[in-house]
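# Commentary on secondary and tertiary structure
Read off the chains here:
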Amino acid sequence: MVAELRAGDRIAVVEDDEANLRAVVWTLEDLDLKPIWVPPDPRGVDFLIEEVRAVAGAVISDHRLGKKKSIPYYGAEFVARSNQRKIPAVLMTSYANSDESTSIRAWRADIPRLLNRGTDVGDPAKIRGALEQARAECLGEFSQERRAYQAVVRVKGLRAGPSGTVAEVLVTAWRPNEAVDMPASIVTDGLSIDGVVLRGTRFVAEVNIYAESGGDLYFKNIRPAPGLPEGWK
């Protein structure tokens, strides 16, 4: 399999916390891989991608990169754009199950695997699996859980979040009674409407409906849903 890691492969680690950096480095060394520390670049994502490209064949990045200095982007954006440029990238975060996860959702389609810092970063098998999955997707190979299908989505409710309005949405083709959070701006941008999206709004998107958890869902190519038949509510 082309996506398999080999001993000595160089893996960049984008992290600004020394203790967190050590934890990832030790796990990569347990896998006989060569970790290369690359600090987040305050000039922007493009600069960071080129720095990684120059020293490594893949990268693991933290999500919140601005803990020690001003960084104008999240790790989710960096990881997604790195994968778009065929540099396999994996995101690690402590915020997968909090309101902070809405800052990841906008980029989730291009983040093959999300590692939980508390439970996954010290696990060599999970690190290896995440890196190999990222490599496979850069080669155009997607698992069933990561393939997108057209689905109708309905906005169940709205609430204030740390980075703006959060839309709570239902995906009938996934789990019809389990709401999933996403930035309301993704909906309004996709539908080309101003202001806050209304409760009950339906739209069509490409969604990986075989995802195991709500945190793994992504939404892309959002567009208006067809109108309901006459007499429906």
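Report follows, based on the coordinates. Numbering of residues starts from 1 in each chain and follows the order in which that chain's sequence is written. Totals for whole chains, interfaces and linings use all residues, but because this is a predicted model, local features are given only for residues with pLDDT of at least 70 and pairs of side-chain atoms are given and counted only at 80 or more. Excluding hydrogens and water, the side-chain figures rest on all heavy atoms present in the structure.

## Overview of the side chain of S82
To qualify as a helix, a DSSP run of H or I must reach at least 4 residues; to qualify as a strand, a run of E must reach at least 2; elements of each kind are numbered from the N terminus. Summarising the element assignment, S82 is placed in helix α3 (residues 75–84). Residue contacts are counted whenever heavy atoms from the two residues lie within 4.5 Å of one another. When near neighbours in sequence (up to four residues on either side) are disregarded, S82 contacts I49, V59, I87 and A89.

## What about the packing of helix α1 (residues 18–30) against helix α5 (residues 124–138)?
For the pair α1 and α5, interaxial distance at closest approach is 9 Å and the crossing angle is 85°. Relative to α5, the element α1 is oriented roughly perpendicular. Contacts from T27, L28 and D30 of α1 reach α5 at P124, I127 and L131. When residue character is reported, Ala, Val, Leu, Ile, Met, Phe, Trp, Tyr, Cys and Pro are called nonpolar, Asp, Glu, Lys and Arg charged, and the others, Gly included, polar. Here the contact of α1 with α5 is built from residues that sort into four nonpolar, one polar and one charged. Here the axes come from fitting lines to C-alpha atoms, over the contacting stretch only for helices, and the angles between their N-to-C directions go from 0 to 180 degrees. Roughly parallel here means an angle under 35 degrees, roughly antiparallel means over 145, roughly perpendicular means 65 to 115, and every remaining angle is called oblique.

## Structural notes on the layout of surface pockets
Leftover empty space is mapped by rolling, across the atoms, a probe with the size of a water molecule. A cavity here means a set of points on a 1 Å grid, drawn over the protein atoms and nothing else, where a 1.4 Å probe fits but cannot get out; a pocket is an open set with protein on both sides within 12 Å along at least five of seven lines, and a residue lines either one if it has an atom within 4 Å of a point. Grid points are joined across faces, edges and corners, and a volume is the space filled by probe spheres set on the points. Approximately 240 Å³ is the volume found for the second largest pocket. Forming the boundary of the second largest pocket are 17 residues, of which T102, S103, S163, P183 and S185 lie nearest the centre. Elements that contribute at least two residues to the lining of the second largest pocket include exactly α4 (102–105), β7 (164–171) and α6 (184–191). The biggest single contributor to the lining of the second largest pocket is β7, with three residues.

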